[in-house]
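Examination of the molecular architecture
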Amino acid sequence: MPVLPGAEPFRHEGGEVGVLLCHGFTGSPQSMRPWAEYLAERDLTVSVPLLPGHGTRWQDMQLTTWRDWYAEVERALRELTARCTTVFVFGLSMGGALTLRLAAKHGDAVRGIVLVNPGNKVHGLAAHALPVVRHLVPTTKGVADDIAKEGATEVGYTRVPLHAAHSLRQFFRLVDGELPQVTQPLLLLHSPQDHVVPPADSARILGRVSSTDVREVLLEQSYHVATLDHDAERIFAESLAFVERLAPGLVGGKGSRSGG
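As named in an unreviewed UniProt entry, the protein is Esterase, taken from Streptomyces filamentosus.

1. Focus: the pairing of strand E2 (residues 17-22)
A large share of E2 lies buried, amounting to six of its six residues. Across the two faces of E2 the burial is the same, with Val 17, Val 19 and Leu 21 and Gly 18, Leu 20 and Cys 22 all buried. Bridge analysis of E2 against strand E4 (residues 86-92) gives six bridges, and the strand direction is parallel. Its bridge partner being in E4, Cys 22 is matched across the sheet by Gly 91. The sheet contact formed by E2 and strand E3 (residues 45-48) spans three bridges and is parallel. When the bridges of E3 are listed, Gly 18 appears paired with Thr 45. Chirality of the crossover, the property in question, places the unit of E2, helix H1 (residues 33-41) and E3 among those that are right-handed.

2. Points about the UniProt feature "binding site: substrate" (unreviewed entry) in the protein
The UniProt feature table records "binding site: substrate" (unreviewed entry) at Phe 25 and Met 94. A stretch of 70 residues holds the annotated residues, and the largest C-alpha distance among them is 5.5 Å, short enough that they meet in one place. Residue placement: Phe 25 occurs in the loop between E2 and H1. Residue Phe 25 is classed as buried on the basis of its relative accessible area of 11%. Here Met 94 falls in the buried class, since its relative accessible area comes to 0%. Residue contacts for Met 94: discarding those within four places in its chain leaves His 23, Gly 24, Phe 25, Leu 51, His 54, Trp 69, Gly 119, Leu 168 and Phe 172.

3. Examining the packing of aromatic side chains
Applying the stated criterion across every chain, the model contains six aromatic pairs. Summarising the aromatic geometry, the rings of Trp 35 and Phe 90 are spaced 5.0 Å apart at their centres and angled 20° between planes, so their arrangement reads as stacked. With a gap of 55 residues between them, Trp 35 in helix H1 and Phe 90 in strand E4 connect regions that are remote in the sequence. Across the pair, exposure class does not vary: Trp 35 and Phe 90 are buried alike. A ring pair is formed by Trp 35 and Phe 236, whose centres lie 6.3 Å apart and whose planes are at 20°; its orientation type is stacked. With Trp 35 in helix H1 and Phe 236 in helix H8 (residues 232-246), the pair connects residues that are 201 residues apart, well separated along the chain. The exposure classification of Trp 35 matches that of Phe 236, with both residues buried. Positioned above the aromatic ring of Tyr 38, the side-chain terminus of Arg 42 is 3.7 Å from the ring centre. Here the basic side chain of Arg 101 rests over the ring of Tyr 70, its NZ or CZ set 4.8 Å away from the ring centre.

4. Some points on the side chain of Asp 146
Mapped onto the elements, Asp 146 comes out in the loop between strand E6 (139-141) and strand E7 (159-161). Among buried charged residues, Asp 146 stands out as having no salt bridge; its nearest opposite-charge side chain is Lys 141, 9.7 Å away. If sequence neighbours within four positions are ignored, Asp 146 has contacts with Asp 194, His 195, Val 196, Tyr 223, His 224, Val 225 and Asp 229.

5. Regarding H8
For H8, built from 15 residues, the straight-helix expectation of 21 Å at 1.5 Å per residue is met to within 8% by its first-to-last C-alpha distance of 21 Å. The complete set of buried residues in H8 reads Ala 232, Ile 235, Phe 236, Glu 238, Ser 239, Leu 240, Phe 242, Val 243 and Leu 246. The elements touched by buried residues of H8 are E2, H1, E4, strand E5 (112-116), strand E8 (186-190) and strand E9 (214-218).

6. Some remarks on the confidence of the model for the protein
On average, residues of the protein carry a pLDDT of 93, and 96% of them reach 70 or more. Low confidence marks residues 254-260, where pLDDT is under 50. Its contacts with residues over four positions away, or in another chain, come to 17 contacts.

Reading the values: the criteria
- One numbering rule holds for all chains: residues counted from 1, following each sequence as written.
- Local features in this predicted model are restricted to residues whose pLDDT is 70 or higher, and side-chain atom pairs enter the listing and the counts only when it is 80 or higher, whereas totals over whole chains, interfaces and linings include all residues.
- Neither water nor hydrogens contribute to the side-chain values; these are computed over all heavy atoms in the structure.
- With a 1.4 Å probe rolled over the protein chains alone, any residue whose accessible area is under 20% of its type maximum counts as buried; one over 50% counts as exposed, and the rest are partly exposed.
- Strands here mean DSSP runs of E at least two residues long; helices mean DSSP runs of H or I at least four residues long; both are numbered from the N terminus.
- Strands are labelled as partners when DSSP assigns at least two bridges between them.
- A right-handed crossover is one whose linking path, passing over the helix from the first strand to the second, runs clockwise when the strands point away from the viewer.
- UniProt positions are given in the numbering used here, feature names are shortened, and annotations may be inferred rather than shown by experiment.
- We call two residues in contact when some of their heavy atoms are within 4.5 Å.
- Within 6.5 Å between ring centres, the rings of Phe, Tyr and Trp (the latter by its six-membered ring) count as paired, and their orientation is classed by plane angle as stacked under 30 degrees, edge-to-face over 60, tilted in between.
- By definition here, charges over rings are those cases where NZ of Lys or CZ of Arg is within 6 Å of the ring centre and within 35 degrees of the ring normal.
- Working convention for charge: Lys and Arg count positive, Asp and Glu count negative, and His plus the chain ends are omitted.
- The salt bridge criterion pairs a side-chain nitrogen of Lys or Arg with a carboxyl oxygen of Asp or Glu, the two atoms within 4 Å.
- One fewer than the residue count of a helix, multiplied by 1.5 Å, yields its expected span.
- Per-residue confidence from the predictor is reported as pLDDT, which spans 0 to 100.

Here it is in structure tokens:
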């Protein structure tokens, strides 16, 4: 299937500092593209992979599981670590959970992590019915496009494939058990008004990781897809400052090379 316009993966060859950006469940690199371009303009090496089953049609996602999504970001991380001296991982929503697992499993290969409205649990009574319901009903209402900013839109599916949602629930439970293995510096930005992931998920993550260098930032003007919302520029600036603090002297200049 052809990739939806705007959902293409993004890559920029910059300097010695690499950043891997992980998009969310049923979303695409489009939700991370402005953030990626902001970092690329400052001469960081940037990678935004398209997760398997995403960016085309929801039927394709029915055939994938969390193992496929995680394998793709792990592959991208290995590429960056081979290319760069210092690597950071940033994630939105489910991408935050992928980020946390990379941090837990790869230790010092990940210098620091930035999470935006990270998911930790599939909520609601329906979550407990997923193992059965997914065999009876293929999809439910989508979760994309939760944005406060007028005119801003997210390229994502209008339906949630339930086989994939079941796998996501399994993945969240796995990552929750691995949170104490996360020791890297952590910047967590989350929206009090989020109609997809409740603030309880961020609180749970902050309470379970072993990181000692932790900063929490509230995104008061944004909903779930904050990277495309009113607080986007704050996210970009805070994340750059985080990288500059942890990789002093390695970030700078205005890269003119383009990625795609």
